[in-house]
Amino acid sequence: MGRVEQLAEKYKQHIGLPWQQTVAGAQRVIMVVYEKELERTLLARKDAFAMATREEGHEWFEVNISDCFARWIASEDYRDAYFESPEDLQLKLDVEFAEYVAATIQAVLKRPDVTNTSVVGLFGVGSLFGFTRVSSVLKLLEPSIKGRLAVFFPGSHDQNNYRLLDARDGWNYLAVPITLHSTGGH
(Lines give C-alpha, C1' and ligand atoms only; values in the text may rest on other atoms or scores of the structure.)
Protein backbone atom coordinates (compact mmCIF):
# COMPACT_ATOMS: atom_id res chain seq x y z
CA MET A 1 0.00 0.00 0.00
CA GLY A 2 1.40 3.41 -1.01
CA ARG A 3 1.80 6.39 1.33
CA VAL A 4 -1.27 8.20 -0.04
CA GLU A 5 -3.41 5.10 0.44
CA GLN A 6 -2.05 4.71 3.99
CA LEU A 7 -2.91 8.35 4.68
CA ALA A 8 -6.41 7.81 3.25
CA GLU A 9 -6.86 4.86 5.61
CA LYS A 10 -5.80 6.97 8.63
CA TYR A 11 -8.23 9.65 7.45
CA LYS A 12 -11.02 7.07 7.13
CA GLN A 13 -10.40 5.83 10.68
CA HIS A 14 -10.77 9.37 11.98
CA ILE A 15 -13.74 10.41 9.84
CA GLY A 16 -15.61 7.26 10.94
CA LEU A 17 -15.55 8.30 14.60
CA PRO A 18 -18.65 10.01 16.04
CA TRP A 19 -18.58 13.76 15.46
CA GLN A 20 -19.15 16.21 18.27
CA GLN A 21 -21.37 19.01 17.02
CA THR A 22 -20.58 21.49 19.79
CA VAL A 23 -16.90 22.03 18.98
CA ALA A 24 -15.43 25.34 17.86
CA GLY A 25 -14.72 26.07 14.20
CA ALA A 26 -10.97 25.45 14.59
CA GLN A 27 -11.74 21.98 15.97
CA ARG A 28 -13.84 21.18 12.89
CA VAL A 29 -10.71 21.40 10.75
CA ILE A 30 -8.83 18.22 9.91
CA MET A 31 -5.29 18.82 8.71
CA VAL A 32 -4.24 15.95 6.44
CA VAL A 33 -0.49 16.49 6.57
CA TYR A 34 1.85 14.87 4.08
CA GLU A 35 5.33 15.34 2.66
CA LYS A 36 5.44 18.10 0.06
CA GLU A 37 6.89 15.65 -2.47
CA LEU A 38 3.56 13.77 -2.42
CA GLU A 39 1.46 16.73 -3.64
CA ARG A 40 0.98 15.56 -7.23
CA THR A 41 0.46 11.94 -6.21
CA LEU A 42 -2.12 12.94 -3.61
CA LEU A 43 -4.01 15.11 -6.11
CA ALA A 44 -4.06 12.22 -8.57
CA ARG A 45 -5.47 9.93 -5.87
CA LYS A 46 -7.73 12.32 -3.99
CA ASP A 47 -10.73 10.16 -4.82
CA ALA A 48 -9.50 7.75 -2.12
CA PHE A 49 -10.44 10.41 0.45
CA ALA A 50 -13.81 11.09 -1.16
CA MET A 51 -14.59 7.38 -1.18
CA ALA A 52 -13.46 6.97 2.45
CA THR A 53 -15.73 9.87 3.45
CA ARG A 54 -18.76 8.41 1.68
CA GLU A 55 -18.09 4.91 3.06
CA GLU A 56 -18.32 6.41 6.54
CA GLY A 57 -21.72 7.96 5.76
CA HIS A 58 -20.72 11.56 5.08
CA GLU A 59 -21.15 13.77 2.03
CA TRP A 60 -17.99 14.90 0.21
CA PHE A 61 -17.42 18.27 -1.44
CA GLU A 62 -14.15 19.75 -2.55
CA VAL A 63 -12.52 23.01 -3.54
CA ASN A 64 -9.12 23.56 -5.11
CA ILE A 65 -7.54 26.97 -4.58
CA SER A 66 -4.45 26.39 -6.71
CA ASP A 67 -5.44 29.09 -9.19
CA CYS A 68 -6.71 31.66 -6.67
CA PHE A 69 -3.74 33.99 -7.00
CA ALA A 70 -3.96 34.01 -10.79
CA ARG A 71 -7.71 34.74 -10.71
CA TRP A 72 -7.29 37.40 -8.02
CA ILE A 73 -4.42 39.27 -9.67
CA ALA A 74 -6.16 39.10 -13.07
CA SER A 75 -9.10 40.99 -11.56
CA GLU A 76 -6.88 43.77 -10.16
CA ASP A 77 -6.98 47.06 -12.06
CA TYR A 78 -3.34 47.85 -11.30
CA ARG A 79 -1.91 44.36 -11.90
CA ASP A 80 0.64 45.57 -14.46
CA ALA A 81 1.94 48.18 -12.04
CA TYR A 82 2.24 45.51 -9.32
CA PHE A 83 4.46 43.44 -11.58
CA GLU A 84 6.69 46.48 -12.04
CA SER A 85 6.78 47.19 -8.28
CA PRO A 86 5.87 43.99 -6.42
CA GLU A 87 6.49 45.62 -3.03
CA ASP A 88 3.37 47.74 -3.64
CA LEU A 89 1.31 44.55 -3.71
CA GLN A 90 2.19 43.44 -0.16
CA LEU A 91 -0.54 45.40 1.65
CA LYS A 92 -3.23 44.09 -0.70
CA LEU A 93 -1.90 40.55 -0.28
CA ASP A 94 -1.95 40.79 3.51
CA VAL A 95 -5.61 41.77 3.65
CA GLU A 96 -7.49 41.39 0.40
CA PHE A 97 -5.95 38.19 -0.96
CA ALA A 98 -6.65 36.20 2.22
CA GLU A 99 -10.24 37.44 2.08
CA TYR A 100 -10.50 36.46 -1.59
CA VAL A 101 -9.24 32.93 -0.89
CA ALA A 102 -11.60 32.60 2.08
CA ALA A 103 -14.54 33.76 -0.04
CA THR A 104 -13.66 31.17 -2.69
CA ILE A 105 -13.75 28.41 -0.08
CA GLN A 106 -16.85 29.82 1.63
CA ALA A 107 -18.72 29.55 -1.67
CA VAL A 108 -18.54 25.78 -1.12
CA LEU A 109 -18.87 25.79 2.69
CA LYS A 110 -22.08 27.84 2.49
CA ARG A 111 -23.79 25.77 -0.19
CA PRO A 112 -27.23 24.63 1.00
CA ASP A 113 -26.38 20.97 0.39
CA VAL A 114 -23.30 21.18 2.66
CA THR A 115 -24.57 20.17 6.11
CA ASN A 116 -23.23 19.37 9.56
CA THR A 117 -22.48 15.82 8.31
CA SER A 118 -20.49 16.97 5.25
CA VAL A 119 -16.77 17.09 4.66
CA VAL A 120 -15.30 19.77 2.42
CA GLY A 121 -11.87 18.78 1.11
CA LEU A 122 -9.56 21.75 0.55
CA PHE A 123 -6.77 21.23 -1.97
CA GLY A 124 -4.06 23.55 -3.28
CA VAL A 125 -3.03 25.28 -0.04
CA GLY A 126 0.62 25.04 -1.08
CA SER A 127 -0.15 27.68 -3.72
CA LEU A 128 -0.69 30.21 -0.92
CA PHE A 129 2.98 30.09 0.05
CA GLY A 130 4.56 33.51 -0.31
CA PHE A 131 1.21 35.24 -0.80
CA THR A 132 -0.74 34.73 2.42
CA ARG A 133 -0.74 32.48 5.45
CA VAL A 134 -2.93 29.40 5.63
CA SER A 135 -3.65 30.33 9.26
CA SER A 136 -5.10 33.71 8.15
CA VAL A 137 -7.44 32.00 5.69
CA LEU A 138 -8.54 29.32 8.17
CA LYS A 139 -9.33 31.96 10.79
CA LEU A 140 -11.70 33.63 8.32
CA LEU A 141 -13.37 30.28 7.53
CA GLU A 142 -14.04 29.02 11.07
CA PRO A 143 -17.55 30.51 11.44
CA SER A 144 -18.64 28.96 8.10
CA ILE A 145 -17.66 25.34 8.80
CA LYS A 146 -20.82 23.29 9.33
CA GLY A 147 -19.41 19.75 9.29
CA ARG A 148 -15.68 19.24 8.77
CA LEU A 149 -13.07 20.97 6.62
CA ALA A 150 -10.29 18.59 5.54
CA VAL A 151 -7.25 20.68 4.62
CA PHE A 152 -4.76 18.75 2.50
CA PHE A 153 -1.53 20.24 3.79
CA PRO A 154 1.87 19.68 2.15
CA GLY A 155 4.27 20.27 4.97
CA SER A 156 4.95 19.09 8.46
CA HIS A 157 3.28 18.86 11.84
CA ASP A 158 4.89 18.68 15.27
CA GLN A 159 2.52 18.73 18.23
CA ASN A 160 0.07 21.49 17.18
CA ASN A 161 2.61 23.37 15.07
CA TYR A 162 2.11 23.30 11.28
CA ARG A 163 4.73 24.34 8.69
CA LEU A 164 3.61 24.79 5.08
CA LEU A 165 6.10 23.25 2.63
CA ASP A 166 8.49 22.85 5.60
CA ALA A 167 9.84 26.31 4.77
CA ARG A 168 8.06 28.95 6.83
CA ASP A 169 7.77 29.49 10.51
CA GLY A 170 4.89 27.38 11.66
CA TRP A 171 1.79 28.33 13.54
CA ASN A 172 -0.07 26.68 16.36
CA TYR A 173 -3.57 25.53 15.47
CA LEU A 174 -6.25 23.45 17.19
CA ALA A 175 -7.12 21.33 14.15
CA VAL A 176 -7.06 17.54 14.26
CA PRO A 177 -3.90 16.32 12.50
CA ILE A 178 -3.90 13.22 10.30
CA THR A 179 -0.40 12.08 9.37
CA LEU A 180 1.18 8.82 8.30
CA HIS A 181 2.46 8.48 11.85
CA SER A 182 -0.79 9.29 13.68
CA THR A 183 -3.15 6.68 15.02
CA GLY A 184 -6.11 8.07 13.08
CA GLY A 185 -8.47 7.97 16.05
CA HIS A 186 -7.92 11.32 17.76
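What counts, and at which threshold
Residues numbered from 1 in each chain as written. Predicted model: local features only at pLDDT ≥ 70, side-chain atom pairs only at ≥ 80, totals over all residues. Heavy atoms only, no water. Helix = DSSP H or I, 4+ residues; strand = E, 2+ residues; numbered from the N terminus. Rg over C-alpha atoms; globule rule 2.2 N^0.38 Å. Contact = heavy atoms within 4.5 Å. Areas by Shrake-Rupley, 256 points an atom, 1.4 Å probe, with all protein chains shown as cover. Lys, Arg positive; Asp, Glu negative; His and termini not counted. Charge placed at Lys NZ, Arg CZ, Asp CG, Glu CD. Axes fitted to C-alpha atoms, helices over the stretch in contact; angles between N-to-C directions. Parallel < 35°, antiparallel > 145°, perpendicular 65-115°, else oblique. Left-handed = near helix turned anticlockwise from the far one by under 90°. Nonpolar A, V, L, I, M, F, W, Y, C, P; charged D, E, K, R; others polar. Expected span 1.5 Å × (residues − 1). Buried < 20%, exposed > 50% of the residue type's maximum accessible area, 1.4 Å probe, protein only. Core = buried A, V, L, I, M, F, W, Y, C linked by side-chain atoms within 4.5 Å.

Trainee: Is there a simple way to think about the overall build of the chain in this case?
Mentor: If you tally the helices and strands in the chain, you get seven helices and seven strands. Along the chain, helices and strands appear, N-terminal first, in the series α-β-α-α-β-α-α-α-β-α-β-β-β-β. Radius of gyration (C-alpha) of the chain: 17 Å, near the 16 Å computed for a compact globule of 186 residues. Look at the contacts in the chain between residues 6 or more apart in sequence, and 77% of them connect residues 24 or more apart. Summing over all exposed atoms, the chain offers an accessible surface of approximately 9400 Å²; the carbon and sulfur share of this is 50%. Seen as two clouds, the 20 positive and the 25 negative side-chain charges of the chain have centres 5 Å apart.

Trainee: Where do I start with the packing of helix 6 (residues 90-109) against helix 7 (residues 134-141) in this structure?
Mentor: Angle between the axes and distance between the axes are the two parameters that describe a pair of packed helices. At a minimum axis separation of 9 Å, helix 6 and helix 7 run at an interaxial angle of 45°. Our classification of the angle between helix 6 and helix 7 gives oblique. The interaxial crossing formed by helix 6 with helix 7 has right-handed handedness. Together, Ala98, Glu99, Val101, Ala102, Ile105, Gln106 and Leu109 of helix 6 and Ser136, Val137, Leu140 and Leu141 of helix 7 make up the contact between the two elements. Taken together, the residues that form the contact of helix 6 with helix 7 break down as eight nonpolar, two polar and one charged.

Trainee: Sorry, what's going on with helix 6 here?
Mentor: Here helix 6 spans 28 Å end to end across 20 residues, near enough to the 28 Å set by a 1.5 Å rise per residue. Of the residues making up helix 6, those classed as buried are Lys92, Leu93, Phe97, Ala98, Val101, Ala102, Thr104, Ile105, Gln106, Val108 and Leu109. On its buried side, helix 6 packs onto strand 2 (59-64), helix 4 (68-74), helix 5 (79-84), strand 3 (118-123), helix 7 and strand 4 (148-158).

Trainee: Explain the nonpolar core to me, please; I cannot follow it from the model alone.
Mentor: Soluble globular proteins tend to bury their nonpolar side chains together. Counting 36 residues, the largest nonpolar core has Met31, Ile65, Ile105 and Leu149 as its most contacted members. Formed by 20 residues, the second largest nonpolar core is a distinct cluster that contains Leu7, Tyr11, Ile15 and Trp19.

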